[in-house]
Amino acid sequence: MENTVIKIGGMSCQGCVKNITGVLTGLAGVNAAEVSLEAAEAKVSFDPAAVSRDALLGAIEDAGFDAE
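Along each chain, numbering runs from 1 in the same order as the chain's sequence is written. Two thresholds apply to this predicted model, a pLDDT of at least 70 for residue-level local features and 80 or more for giving and counting side-chain atom pairs, whereas whole-chain, interface and lining totals are computed over all residues. The side-chain quantities take in all heavy atoms of the structure and omit both hydrogens and water.

Caption draft 1: Fine view of the sheet that holds strand S4 (residues 66-67). Ordered in space as S2-S3-S1-S4, the 4 strands form an open sheet in which the pairing is antiparallel. Among the strands making up the open sheet, the edge pair consists of strand S2 (30-36) and S4. At least two bridges found by DSSP between two strands is the condition for calling them paired. In this text, helices come from DSSP runs of H or I with a minimum length of four residues, and strands from runs of E with a minimum of two, each type numbered from the N-terminal end. As paired strands, strand S1 (residues 2-9) and strand S3 (residues 41-46) are joined by 6 bridges and run antiparallel to one another. If you follow Ile6 over to S3, its bridge partner there is Ala42. Contacts between residues were defined by any pair of non-hydrogen atoms, one from each residue, lying within 4.5 Å. Every axis corresponds to a line fitted to the C-alpha atoms, with the helix fit spanning only the stretch in contact, and the corresponding angles, defined between N-to-C directions, vary from 0 to 180 degrees. Contacts between helix H1 (residues 14-25) and the sheet are confined to S1, S2 and S3, with S2 contributing the most and set at about 165 degrees to the helix. The sheet strands contacting helix H2 (residues 53-62) are S1, S2, S3 and S4, and the helix crosses S1 at an angle near 30 degrees.

See the structure below:
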């Protein structure tokens with residue numbers, strides 16, 4: 001497993017946190033995702049053989065948020 005921190009822009013409430021958490025944990029290869037509204041970031045544990053960091057960023061952006 002690999003861990004990464006993704007900065008997220010555009011979150012304004014706990015509904016946003018739940019949305020992004022659901023998007024990330026729904027991806028194959030993601031073991032865990034901890035999204036923080038206060039820190040404006042997601043800490044993600046994932047299998048790099050199954051999903052890339054770019055795919056994680058893309059999933060967040062597809063949900064309507066900025067990710068880097």
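Caption draft 2: Inspection of H1 at higher detail. For a helix, the expected span equals 1.5 Å multiplied by the number of residues minus one. For H1, with 12 residues, the first-to-last C-alpha span of 16 Å sits near the 16 Å given by 1.5 Å per residue. Every buried residue belonging to H1 is among Cys16, Val17, Ile20 and Leu24, and all of these are buried. Viewed end-on, H1 has its buried residues packed into an arc of 100 degrees, placing them on one side of the element. Buried residues belonging to H1 abut S1, S2, S3 and H2. Think of it in three bands: with a 1.4 Å probe and only protein chains considered, a residue is buried below 20% of the maximum accessible area for its type, exposed above 50%, and partly exposed in between. Relevant arc is that of directions from the helix axis to the C-beta atoms, nothing else.

Caption draft 3: Expanded view of the pattern of salt bridges. Any Lys or Arg side-chain nitrogen located within 4 Å of an Asp or Glu carboxyl oxygen qualifies as a salt bridge. Applying the stated criterion across every chain yields a total of 1 salt bridge. As a salt-bridge pair, Lys7 and Glu41 come within 3.2 Å of each other at their nearest N and O atoms. Taken together, the positions of Lys7 in strand S1 and Glu41 in strand S3 put the pair 34 residues apart, joining distant regions of the chain. Taking relative accessible area as the criterion, Lys7 reaches 42% and is therefore assigned partly exposed. Residue Glu41 is classed as buried on the basis of its relative accessible area, which comes to 14%.

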